[in-house]
Amino acid sequence: MSKVPSITLNNGIAMPQIGFGVWQVSDDEAAKVVGTALEAGYRSVDTATVYENERGTGQALAASGIPREELFVTTKLWNSDQGYDAALRAFDASLTRLGLDYVDLYLIHWPMPTRDTYVDTYKALEAVHADGRARAVGVSNFLPEHLERLIEETSVVPAVNQIELHPQLQQAESRAFHAKHGIATEAWSPLGSGSGLLEVPTIVAIAQKHGKTPAQVVLRWHVQLGNVVIPKSVTPSRIRENLDIFGFELDEDDLAAFSALDEGRRLGPDPASFHMGA
Ligand SMILES: NC(=O)C1=CN([C@@H]2O[C@H](COP(=O)(O)OP(=O)(O)OC[C@H]3O[C@@H](n4cnc5c(N)ncnc54)[C@H](OP(=O)(O)O)[C@@H]3O)[C@@H](O)[C@H]2O)C=CC1
Ligand SMILES: O=C(O)C(=O)[C@@H](O)[C@H](O)C(=O)CO
């Protein structure tokens, strides 16, 4: 029995609120650290074609002996694979590398609006959802205007939008849009991806107040907001630490202090123009 609570996606399936992210983890290292994460109690893993570690991730899942139905596996379609037919081929290849016959969540990694292929691409995701090989489908890095188009021109409302989100980029507009349309908000770089977020004095003070680490209070903030989070670590003690956030609660003063940290600080690419790999 996992210690991580789940949220219910708009198609009724459960998704653990904390998952394990594996960007910048090599294939060999993924085979090891995903195993450490599963032993620690994670049941959800976030990989992507472009991370080049689906094979190692799949090996760790298989080696764990955890029943498939207790795991939640997300992967993503890379920019070079956009378009209906290419997306179907990319999905097959991801399943093969993962060694799975279905994934729990399949995402379009970036909208690439200047290429104007995301609607056709999403229709391929709808097809793999319809045939049962993706229990849920969604997107990543989509702005509200891109989601609007999907909602108007396709049949399945995305279950998830995975976006950059942390205390210095709180994404109020996207979160409100998601809430209105039943789309779950999943936060990437939830700990600020080594940018210094965890040394911000306000966060250090809240951590000291609760006898927790800065990473734990940041993850707790996400969870209290209702976000799904996917912290990455290759450090076993941090892998465990990042899961130990359920025995305490941030109060209104803490939440107000977090709100004041929002400065629109984007660490990653701009979704309106990013098309690396296409
Ligand atoms: N859809 C998208 O476009 C994107 C998705 N993602 C996803 O989101 C995941 C998480 O984002 P990511 O950018 O990796 O960054 P995170 O915000 O998860 O931060 C990871 C960094 O924080 C360190 N860290 C982890 N835990 C702790 C801790 N308890 N105390 C101190 N430092 C800690 C890690 O170090 P160490 O590993 O050395 O322990 C690493 O340097 C990715 O792995 C990926 O799955 C990320 C970027 C873009
Ligand atoms: O990590 C991801 O999921 C990403 O899409 C980005 O990190 C992207 O690959 C990038 O930032 C490249 O500079």
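Calculation notes
Residues numbered from 1 in each chain as written. Chains lettered and ligands numbered in written order. Predicted model: local features only at pLDDT ≥ 70, side-chain atom pairs only at ≥ 80, totals over all residues. Heavy atoms only, no water. Helix = DSSP H or I, 4+ residues; strand = E, 2+ residues; numbered from the N terminus. Rg over C-alpha atoms; globule rule 2.2 N^0.38 Å. Buried < 20%, exposed > 50% of the residue type's maximum accessible area, 1.4 Å probe, protein only. Near = heavy atom within 4 Å. Polar contact = N/O pair within 3.5 Å; in protein donor to acceptor, adjacent residues only side chain to side chain. Areas by Shrake-Rupley, 256 points an atom, 1.4 Å probe, with all protein chains shown as cover. Core = buried A, V, L, I, M, F, W, Y, C linked by side-chain atoms within 4.5 Å. Contact = heavy atoms within 4.5 Å.

Attention now moves to the overall build of the chain. If you tally the helices and strands in the chain, you get 10 helices and 10 strands. A compact globule built from 278 residues should have a C-alpha radius of gyration of about 19 Å, and the chain, at 18 Å, falls within 12% of that. The principal-axis extents of the C-alpha atoms in the chain amount to approximately 55 × 40 × 35 Å. Within the chain, the proportion of its 278 residues that are buried is 53%.

Moving on to the site of ligand 2. The immediate surroundings of ligand 2 are formed by W23, Y51, W78, H109, W110, P269, F274 and M276. Between ligand 2 and W23 there is a distance of 3.3 Å, counted from an oxygen atom to a side-chain nitrogen or oxygen. For ligand 2, whose free accessible area comes to 330 Å², the fraction covered by protein is 77%.

Counting residues in hydrophobic clusters, the biggest one holds 67 residues, and the most contacted among them are V34, Y106 and F258. Setting aside residues up to four positions removed in sequence, Y106 forms contacts with T75, K76, L77, A87, A90, F91, L125, V128, A134, A136, V137 and G138. Listed in part, the 12 residues of the second largest apolar core include I13, L107, A136 and A159.

These results come straight from atomic positions and should not be treated as a statement about function.
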